[in-house]
Every structure is written in structure tokens, then in C-alpha cells.
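Structure at a glance
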2 protein chains.
Amino acid sequence: MHTCTDAFDCFVSRVLPKRTGPETVRLFRTLGSHVHLKADRQLHYPEDEPTLVFLCDGATKLVAHASDHREQVLAFHFTGDLLTLPAHGAHSYTLEALIECDLMTFPYAQFLQAAEKHQQVLTQLLERSTVSLQRSREKTLTLGRKSALERVSSFLLSMAERIGRGDGSEVKLDLPMSRRDIADSLGLTIETVSRQFTLLRDQGLIRTQGRSGVTLLRVDELDRRAGHLRVAA
Amino acid sequence: MHTCTDAFDCFVSRVLPKRTGPETVRLFRTLGSHVHLKADRQLHYPEDEPTLVFLCDGATKLVAHASDHREQVLAFHFTGDLLTLPAHGAHSYTLEALIECDLMTFPYAQFLQAAEKHQQVLTQLLERSTVSLQRSREKTLTLGRKSALERVSSFLLSMAERIGRGDGSEVKLDLPMSRRDIADSLGLTIETVSRQFTLLRDQGLIRTQGRSGVTLLRVDELDRRAGHLRVAA
DNA sequence: GTATCTCATTGATCCAGATCAAGGAGCGCC
DNA sequence: GGCGCTCCTTGATCTGGATCAATGAGATAC
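1. Digging into the sheet that holds strand 2 (residues 51-57) of chain A
Residues and elements named next belong to chain A. Strand order in this open sheet of four strands is 1-7-2-5, and the pairing throughout is antiparallel. Edge positions in the sheet fall to strand 1 (33-37) and strand 5 (82-85), since each has one partner strand and no second. Between one strand axis and the next, the sheet turns by 30° as a mean value, whatever way the strands run. Bridge count between strand 1 and strand 7 (residues 101-107): five bridges; the pairing is antiparallel. If you follow His36 over to strand 7, its bridge partner there is Asp102. This element, helix 3 (residues 108-115), spans strand 2, strand 5 and strand 7 of the sheet and lies at about 75° to strand 7.

Below is the structure:
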């Protein structure tokens with residue numbers, strides 16, 4: 001198991017600029033808390049104030065809850081990701097570990113205050129926030145206008161980009177999330193997700209190994225299935 | 001018609017910190033361009049680099065385009081909003097005027113560089129980006145897990161919050177977007193959107209005046225229809 | 001190694017919303 | 001001020017994915 005110091009060091013090297021003074025590092029250390037989460041456990045965080053989370057190691061999902069126990073996965077996160085947990089509004093949000101996780105949490109407001117003198121940290125925060133927004137917008141298009149097959153294809157391509165291991169022309173994936181998580185992320189049911197996997201397998205575009213292993217055999221064809229725009233203007 | 005100076009002044013007073021030095025103001029002026037857009041026109045911007053836009057006056061929609069001419073409205077913007085137009089990736093994006101608009105555009109990278117010495121500007125950019133992300137996440141939940149009636153109710157409540165004019169217990173709206181835009185924003189068809197309006201009207205929750213006028217008569221009931229979580233934990 | 005339990009797959013039926021098809025109403029233009 | 005056009009509404013039918021219902025296959029515990 002990681003110690004608190006390891007997790008914090010990981011944060012320092014990944015988020016803070018190279019030559020940050022030791023007194024600044026100490027300041028961030030006083031603000032942050034190290035949390036270890038076993039698979040399927042959720043992070044407890046204050047409902048009324050935003051929290052900044054750095055995922056040192058592992059994989060998580062951000063889930064929004066509506067009435068009637070409906071759940072929507074808003075985003076998946078992997079080692080090295082930085083994310084902001086919003087205060088609860090019209091809906092409530094939870095961050096749940098897909099596999100064993102180490103993370104550092106910071107009260108958002110205090111973190112921002114500490115970062116004010118270091119615009120490199122601010123810039124990085126802004127940059128990562130922009131990436132999150134960009135991903136969220138792609139998801140909006142996917143959920144609003146795409147068929148089940150297109151959604152699953154888009155999902156696989158997106159995962160390939162983030163956690164794929166290239167192997168010649170193939171891309172190998174080890175999906176840390178269940179079919180249910182995928183369904184909740186794509187606005188589908190597990191049955192429909194499963195059927196699309198079968199379809200893609202039958203068409204020779206992917207190969208599956210066990211529950212979590214997926215190999216993308218023809219990325220170009222998947223791109224077509226995902227409903228992405230061709231080169232044209 | 002507004003002059004360039006008017007639009008820029010609007011930007012200065014709304015985005016830059018109160019006591020920004022005149023030389024800094026001049027720097028931003030050299031970076032920014034004033035653009036006037038008539039209704040239904042779209043902003044032309046470079047495809048390969050992100051652009052920052054400040055909406056001095058008017059209303060716009062950000063549209064994502066997938067294959068087969070399918071369109072998804074990612075967000076609506078109103079007077080005073082600041083938004084980032086991403087470089088094109090798997091999909092292309094356009095910003096279109098819903099009504100006559102005045103806006104200031106800045107090359108994102110250069111704007112960020114200019115803002116580096118003024119963390120108040122950075123902080124504001126970050127804050128607005130966070131609000132956009134929050135809205136986008138709410139939209140994700142809406143598109144992924146809500147029924148047509150819930151989507152339209154959520155939409156009306158969201159518009160009430162942003163451009164509603166309170167009038168006792170009622171909220172009056174003058175919607176600048178068409179039924180098609182609403183449909184493209186909610187992942188529905190115009191027919192379905194229209195049917196939900198009729199339903200809400202028949203149930204006495206809203207009143208409509210012409211094409212764009214809507215009065216929310218019972219916000220509490222709309223909240224229930226929108227599938228928001230009750231107080232409970 | 002095998003018992004068991006959860007997760008994934010496959011099949012049958014159903015339904016919310018899409019699609020197809022007319023009207024009707026608001027708004028701009030001449 | 002009325003002509004015409006576009007946008008909106010309403011109705012009928014169709015369908016992709018949800019729901020319901022069994023199996024089947026991986027993982028975990030013993």
C-alpha cells in the first residue's frame with residue numbers, strides 16, 4: 001500500500017511546476033489529504049463545497065444521480081487525472097473507485113488561493129478543465145445524436161486513446177469498468193451494450209478476452225462506425 | 001450598430017479586473033477582434049487553434065456536427081458569457097447567432113499568455129470554464145437518462161435561471177432559439193418537443209405567447225417533472 | 001478442483017419517441 | 001393589410017432500444 005508521502009509526491013511531480021519552492025510544497029501538503037479506496041468504494045466529500053481530486057493511481061467514475069435511482073456516469077478517470085467534484089445542485093454526484101485507488105483531495109477554494117501566486121498551477125488547472133469540458137461535449141453529441149452501435153464504437157475509441165496499449169496495428173484494452181458502467185456512461189442498458197459488442201466481434205472489428213479484455217482490430221472501421229466526420233469541410 | 005470600441009469596453013468592464021493598467025488593456029485590445037453577427041450567421045474561426053469568445057450582446061448556440069448532417073447543440077450562450085471554441089477533432093464545431101450579436105474574439109493561446117501576469121483573469125477564466133463544465137455535465141445526465149418531458153422541463157428551468165424575468169411567482173421567458181434548436185439541444189425531434197410543450201400547457205404549468213414567449217406558472221411542479229432529486233440524501 | 005455467485009450474453013416482447021404526413025398559426029415582406 | 005413562407009402543432013404509423021426472461025461464462029471462495 002502507498003504511504004501518504006508517496007501519493008503526495010506523485011501529486012507534486014505531476015501537477016506542480018518543476019521548480020516549486022519547498023515552502024509552497026509544504027503549503028499544498030497541509031491542504032491535501034491522501035485517501036485510499038478499495039474497488040467499488042465511493043469517496044466521501046463535503047456536499048456543499050467543491051473538492052479537487054488528483055488520482056495518483058487507479059481508475060474512477062463520476063456518477064450523477066437523478067430521481068428513481070437512475071444513474072449516469074459523467075466521466076471515467078485514470079492514473080494522473082485531475083478532476084473537480086462540484087457541490088451538489090439539482091442532482092447529486094459521487095466519485096467511485098473502479099479498481100483500488102490512491103488519491104489526493106483538496107478543498108477547491110483553498111487550493112485555488114494557494115495556487116494564485118503560481119500561475120503555472122492555475123494554467124494547468126485551466127488546461128485540464130478545458131480537456132474535461134471537451135470530453136464532456138463529445139459525450140453530449142454521443143448521447144444526443146448517436147445510435148447504440150455508434151456510442152459503443154465511440155466509447156472503445158475513446159478508451160483506446162486513454163488507456164490503450166498499441167501493439168502493431170492493434171490496440172489492446174483492459175477495461176476496468178463493468179458493462180453496467182459502460183451502459184450508464186452511454187445512456188444505454190447492459191443488454192444493448194452487450195449486443196453491440198457481439199455485433200462488432202461478429203464483424204471482425206474487435207476481439208474480446210474474458211470480461212475486461214478488448215482488442216481493437218480495425219481502428220479505421222471503428223472510426224466509421226462511431227459516426228465521426230470524414231475529412232471533408 | 002456598436003463600434004469596435006464599445007464592444008471592447010464591454011469586455012474590459014466584464015472580464016478584466018477593476019484596476020487593470022492601461023498598458024494591459026491596450027495589449028488585450030491588440031489581440032481582440034470585434035465581430036458583428038446577424039441572426040443565423042455563424043462565426044468563422046480557425047479550425048486548428050482554439051478561440052476565446054466574449055459575447056457582448058446577443059445569444060448564440062454552439063453546434064457539434066456528426067456524420068449524416070446530424071447536429072447537436074452543445075450549449076446556448078447569452079450576453080456576458082465567455083466561451084472557448086475548441087479546435088476541430090473527431091467532430092467539427094460552429095458558433096451560430098440566434099439573434100443579432102456583438103462579440104469579441106481572441107486567439108486562445110495568445111490570450112492566455114497575456115493573462116498570465118494577471119491571475120485574476122486566469123481565475124475568472126477557470127471559474128467560467130468550471131460553470132460550463134457543470135452545465136455540460138447536467139446536460140449529459142439529461143441526455144443519458146431522462147424522458148422527453150423531463151428534458152423539456154429541465155430546459156425551461158435552465159432557461160428561467162439564465163434569461164428569466166421574475167414576475168411575482170411567475171417567470172417570463174423570451175426564447176431566442178427555435179423549436180429545432182431546442183430539439184437539437186435535447187436530443188429530440190421538433191415534434192416531440194412541441195408535444196411536451198402542449199402537455200405542460202394542458203397541465204397548467206406553462207403559458208405560451210406566440211413562438212418565443214413562455215411563462216412558467218408553477219416552477220415547483222416543473223422541478224418535479226424535470227426529475228430533479230428531492231431533498232433526501 | 002469444484003461450488004457458487006455475480007456479471008455477461010442471448011432471445012422475445014413492448015413502448016417511447018422517431019418518422020411520415022397534413023394542417024394551422026405567427027411573422028416578415030411587399 | 002393581406003400575401004406567402006417558414007415554423008409550429010397535431011395525428012398515424014413504425015422502430016431502435018428498453019424491458020422481461022432465461023441461460024451461459026468468469027471470477028472468487030472454500
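2. Concerning the protein's contact with DNA strand C
In the neighbourhood of DNA strand C, 18 residues make up the surrounding shell, with Arg179, Ser194 and Thr198 of chain A together with Ala148 and Thr192 of chain B lying closest. When atoms of DNA strand C within 4 Å of the protein are split into backbone and base, the sugar-phosphate part holds 61%. Here a base nitrogen of DNA strand C sits 3.0 Å away from a polar atom, N or O, in the side chain of Glu191 of chain B. A distance of 2.3 Å separates a phosphate oxygen of DNA strand C from a polar atom in the side chain of Thr192 of chain B. Mapped by element, the contributors of at least two residues to the surface near DNA strand C are helix 6 (179-186) and helix 7 (190-202) of chain A together with helix 7 (190-202) of chain B. Per-element tally for the surface near DNA strand C: the top contributor is helix 7 of chain A, with four residues. The residue inventory of the surface near DNA strand C, partitioned by class, reads two nonpolar, eight polar and eight charged.

3. Re the packing of helix 6 of chain A against helix 7 of chain A
Residues and elements named next belong to chain A. Between helix 6 and helix 7, whose axes approach to 8 Å, the crossing angle comes to 100°. Viewed along their axes, helix 6 and helix 7 adopt a mutual orientation that is roughly perpendicular. Two secondary-structure elements touch here, helix 6 through Arg179, Arg180, Ile182 and Ala183 and helix 7 through Ile190, Val193 and Phe197. Here the contact of helix 6 with helix 7 is built from residues that sort into five nonpolar, no polar and two charged.

4. A closer look at the domain arrangement of chain A
A common way to state how big an interface is: give the accessible area lost once the parts meet. All names here are of chain A. The domains assigned to chain A are domain 1 (4-143) and domain 2 (147-225). Contacts between the two partners involve 15 residues from domain 1, matched on the other side by 13 residues from domain 2. For the pair domain 1 and domain 2, the summed buried area comes to about 1,300 Å², and 57% of that belongs to carbon and sulfur atoms. When the buried area of domain 1 at its contact with domain 2 is split by residue, Phe76, Phe78 and Thr142 rank highest and sum to 44% of it. Summed over the shared surface of domain 1 and domain 2, the number is two salt bridges.

5. Description of the sheet that holds strand 10 (residues 206-209) of chain A
Backbone-to-backbone hydrogen bonds join strands into a sheet, with any given pair of strands oriented parallel or antiparallel. Residues and elements named next belong to chain A. Read across the sheet, four strands follow the order 8-9-11-10 without closing on themselves; strand pairing throughout is antiparallel. Pairing within the sheet leaves two strands with one partner each, and these edge strands are strand 8 (165-167) and strand 10. This sheet shows a mean twist of 25° between the axes of neighbouring strands, independent of strand direction. In terms of strand pairing, strand 8 meets strand 9 (residues 170-174) through three bridges, oriented antiparallel. Note that in strand 9 the partner of Gly166 across the bridge is Val171. Against the sheet, helix 5 (residues 148-163) contacts strand 8, strand 9, strand 10 and strand 11 (213-216), and its axis sits at roughly 85° relative to strand 9.

6. Re the side chain of Gln196 of chain A
As for its position among the elements, Gln196 of chain A is in helix 7. Look past the residues within four positions of Gln196 of chain A in its chain and what remains in contact with it is Ala148, Leu149 and Val152 of chain A.

7. Looking at the nonpolar core
In terms of nonpolar packing, the biggest core is built from 47 residues, with Phe11 and Phe111 of chain A together with Phe11 and Phe111 of chain B touching the most fellow members. Not counting residues up to four positions away in its chain, the partners in contact with Phe111 of chain A are Phe11, Phe28, Leu31, Leu52, Phe106, Val121 and Leu125 of chain A.

8. Section: the relation of the copies chain B and chain A
Note on the identical chains: chain B maps onto chain A by a rotation of 180° and an axial translation of 0.0 Å, with an RMSD of 0.0 Å. A rotation of that kind, with that shift, is consistent with a two-fold axis. Counting the interface residues of chain B, we find that 100% of their copies in chain A are interface residues as well, pointing to one common contact surface.

9. Section: the side chain of Thr20 of chain A
Among the secondary structure elements, Thr20 of chain A is positioned in the loop between helix 1 (4-15) and helix 2 (22-31). Reaching out from Thr20 of chain A, the side chain makes a polar contact with the backbone oxygen of Pro17 of chain A at a distance of 2.7 Å.

10. Describing the interface of chain B and chain A
Of the residues lining the interface, 48 residues belong to chain B; the matching set on chain A comes to 48 residues. Here chain B packs against chain A, burying approximately 4,500 Å² in sum over the two surfaces, 56% of which is carbon and sulfur. For the pair chain B and chain A, the interface holds four salt bridges. Put simply, Arg145 of chain B and Asp184 of chain A hold a salt bridge, and the shortest N to O gap is 3.0 Å.

11. Description of the protein's contact with DNA strand D
The immediate surroundings of DNA strand D are formed by 17 residues, with Ala148 and Thr192 of chain A together with Arg179, Ser194 and Thr198 of chain B found nearest. Counting only the atoms of DNA strand D within 4 Å of the protein, the fraction contributed by sugar and phosphate is 62%. A distance of 2.8 Å separates a phosphate oxygen of DNA strand D from a polar backbone atom of Ala148 of chain A. One of the side-chain N or O atoms of Ser194 of chain B is found 2.9 Å from a phosphate oxygen in DNA strand D.

Analysis parameters
Residues numbered from 1 in each chain as written. Chains lettered and ligands numbered in written order. Predicted model: local features only at pLDDT ≥ 70, side-chain atom pairs only at ≥ 80, totals over all residues. Heavy atoms only, no water. Pairing = 2+ DSSP bridges. Helix = DSSP H or I, 4+ residues; strand = E, 2+ residues; numbered from the N terminus. Axes fitted to C-alpha atoms, helices over the stretch in contact; angles between N-to-C directions. Contact = heavy atoms within 4.5 Å. Near = heavy atom within 4 Å. Polar contact = N/O pair within 3.5 Å; in protein donor to acceptor, adjacent residues only side chain to side chain. Nonpolar A, V, L, I, M, F, W, Y, C, P; charged D, E, K, R; others polar. Parallel < 35°, antiparallel > 145°, perpendicular 65-115°, else oblique. Domains from an automatic or database assignment. Buried area = accessible area lost by both parts, 1.4 Å probe. Salt bridge = Lys/Arg side-chain N within 4 Å of Asp/Glu carboxyl O. Core = buried A, V, L, I, M, F, W, Y, C linked by side-chain atoms within 4.5 Å. Buried < 20%, exposed > 50% of the residue type's maximum accessible area, 1.4 Å probe, protein only. Least-squares fit on C-alpha atoms with pLDDT ≥ 70 in both.

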